[in-house]
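Residue strings, one per chain:
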Amino acid sequence: MNNTALVIIDMVKDFTDPEGLVFYPQNREILPRIKRVLEECRKHGILVIFLQHSYRSDKYDKNLANMRPNCIEGTGGDAIDPMLEVDPVRDYVIKKRRYSGFVGTDLDMVLRENGIKNLIITGTKTNCCIRATVTDAYNLDYIPIVVSDCVATNDETVNQVHLSDIKKYLGKVVTSQELFDNLDKGGII
């Protein structure tokens, strides 16, 4: 499994905390399940990467021109939710300013340097950041594996439509239990 990484997308306080600027209750619901996936992946020696949505303070960003301000450096809103502990020695934290974790970041380089082929994907928002990152992963020849009960958006119908498309065209979609069963058998999906 040393060719597999867990990618936790945008589980930052502006999305996960009830006081966050773009909070969705669904993100709070998936946090404990993501924490369990994180723990299981660590037990199996899987590389962990946190993608952290973060905009520069007092600087123009095209993305922010189209939405309400959120995830601004220095506000605490871009901080990774404390329920998901970052291991500063082993884990990677990669800041991003676009939906895809690959755009304008060194994610692809980190994955290649570590010999990664499979990406276990969790986080928020299924229709934006999850979908964009999965699409780019697929186009870069990674195998995305989305954990269906560990991703969310603010509309369950939208969530399911995107999971269905991902399963049909871009990668694999599994439950956390299916992931755990496969990890315990020494494999990946």
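**Observations concerning the nonpolar core**
- Ranked by internal contacts, the top residues of the largest apolar core, which has 30 residues, are L6, I8 and L84.
- When contributions to this core are tallied by element, the ones reaching two or more residues are strand 1 (4-9), helix 2 (25-43), strand 2 (47-53), strand 5 (143-152) and helix 7 (176-184).
- The element contributing the most residues to this core is helix 2, with 6 residues.
- In contact with I8, other than residues within four places in its own chain, are I34, L38, I49, F50, L51, L84 and T122.
- L111, V146, V151 and V173 belong to the second-largest nonpolar core, a separate cluster that totals 26 residues.

**A word on the sheet that holds strand 2**
- Here we have 6 strands laid out as an open sheet, ordered 3-2-1-4-5-6, and parallel in their pairing. Because the sheet does not close on itself, it has two edges, and the strands there are strand 3 (92-96) and strand 6 (172-174). Adjacent strand axes in the sheet meet at a mean angle of 25 degrees when their direction is disregarded.
- Both strand 1 and strand 2 contribute to a ladder of 5 bridges, which runs parallel. Along strand 2, the bridge assignment pairs V7 with I49.

**Quick look at the pattern of salt bridges**
- Evaluation of the coordinates by the stated rule reveals 9 salt bridges.
- Here D81 makes a salt bridge to R28, at a shortest N to O gap of 3.1 Å. Of this pair, D81 sits in the loop between helix 3 (62-65) and strand 3 while R28 sits in helix 2; the two residues are 53 residues apart in sequence, bridging distant segments of the chain.
- As a salt-bridge pair, D87 and R90 come within 2.9 Å of each other at their nearest N and O atoms.

**What about the packing of aromatic side chains?**
- Considering all chains together, one arrives at 1 aromatic pair under this definition.
- Judged by centre distance (6.0 Å) and plane angle (25 degrees), the rings of F102 and Y142 are stacked. A residue pair is termed long-range when its members are at least 10 positions apart, and F102 in the loop between strand 3 and helix 4 (107-113) and Y142 in the loop between helix 5 (126-139) and strand 5 qualify at 40 residues.
- Residue classification places F102 among the buried residues on the basis of a relative accessible area of 11%.
- Residue classification places Y142 among the buried positions, given a relative accessible area of 5%.

**Notes on helix 7**
- For helix 7, the set of buried residues is S176, L179, F180 and L183. Projected down its long axis, helix 7 carries its buried residues within an arc of 95 degrees, all on one side.
- Among the structural elements, helix 2, strand 4 (118-124), strand 5 and strand 6 are those in contact with the buried residues of helix 7.
- Within two residues after helix 7, G186 carries a phi angle of roughly 85 degrees, on the positive side.

**Remarks on the layout of surface pockets**
- Approximately 240 Å³ is the volume found for the largest pocket.
- Residue lining of the largest pocket: 14 residues in total, with F15, M67, N70, Y99 and K125 positioned closest to the centre.
- Classifying every residue of the lining of the largest pocket by side-chain character gives 8 nonpolar, 3 polar and 3 charged.
- Empty space within the second largest pocket amounts to approximately 170 Å³.
- Lining the second largest pocket are S54, Y55, R56, E73, K95, K96, R97, R98, V103, G104 and T105.
- Within the lining of the second largest pocket, the residues separate by chemical class into 2 nonpolar, 3 polar and 6 charged.

What counts as what
Every chain's residues receive numbers from 1 upward, in the order its sequence appears when written. The predicted origin of the model limits local features to residues at a pLDDT of at least 70 and limits the giving and counting of side-chain atom pairs to 80 or more, whereas totals for whole chains, interfaces and linings rest on all residues. Water and hydrogen atoms play no part in the side-chain values, which are based on all heavy atoms of the structure. Side-chain atoms within 4.5 Å link the members of a nonpolar core, which is a set of buried Ala, Val, Leu, Ile, Met, Phe, Trp, Tyr and Cys residues. A simple rule labels every residue: compare its accessible area, found with a 1.4 Å probe on the protein chains alone, to the largest value its type can have, and call it buried under 20%, exposed over 50%, or partly exposed in between. By the criteria applied, helices consist of DSSP H or I runs no shorter than four residues and strands consist of E runs no shorter than two, each listed in order from the N terminus. Only heavy atoms matter for contacts: two residues are in contact if any of them lie within 4.5 Å across the pair. DSSP bridges decide pairing: two strands pair if at least two such bridges lie between them. Helix axes use the C-alpha atoms of the stretch in contact, all axes being lines fitted to C-alpha atoms, and the angles between their N-to-C directions lie in the range 0 to 180 degrees. Every case where a carboxyl oxygen of Asp or Glu lies within 4 Å of a side-chain nitrogen of Lys or Arg is listed as a salt bridge. Think of it this way: a Phe, Tyr or Trp ring, Trp meaning its six-membered ring, pairs with another when their centres are within 6.5 Å, and the plane angle makes it stacked under 30 degrees, edge-to-face over 60, tilted otherwise. The directions from the helix axis to the C-beta atoms form the arc being described. For each structure, a 1 Å grid was placed over the protein atoms alone; sets of points admitting a 1.4 Å probe that cannot get out are labelled cavities, open sets with protein on both sides within 12 Å along at least five of seven lines are labelled pockets, and lining residues have an atom within 4 Å of a point. Grid points are joined across faces, edges and corners, and a volume is the space filled by probe spheres set on the points. Just so you know the grouping, Ala, Val, Leu, Ile, Met, Phe, Trp, Tyr, Cys and Pro go in nonpolar, Asp, Glu, Lys and Arg go in charged, and all remaining residues, Gly too, go in polar.

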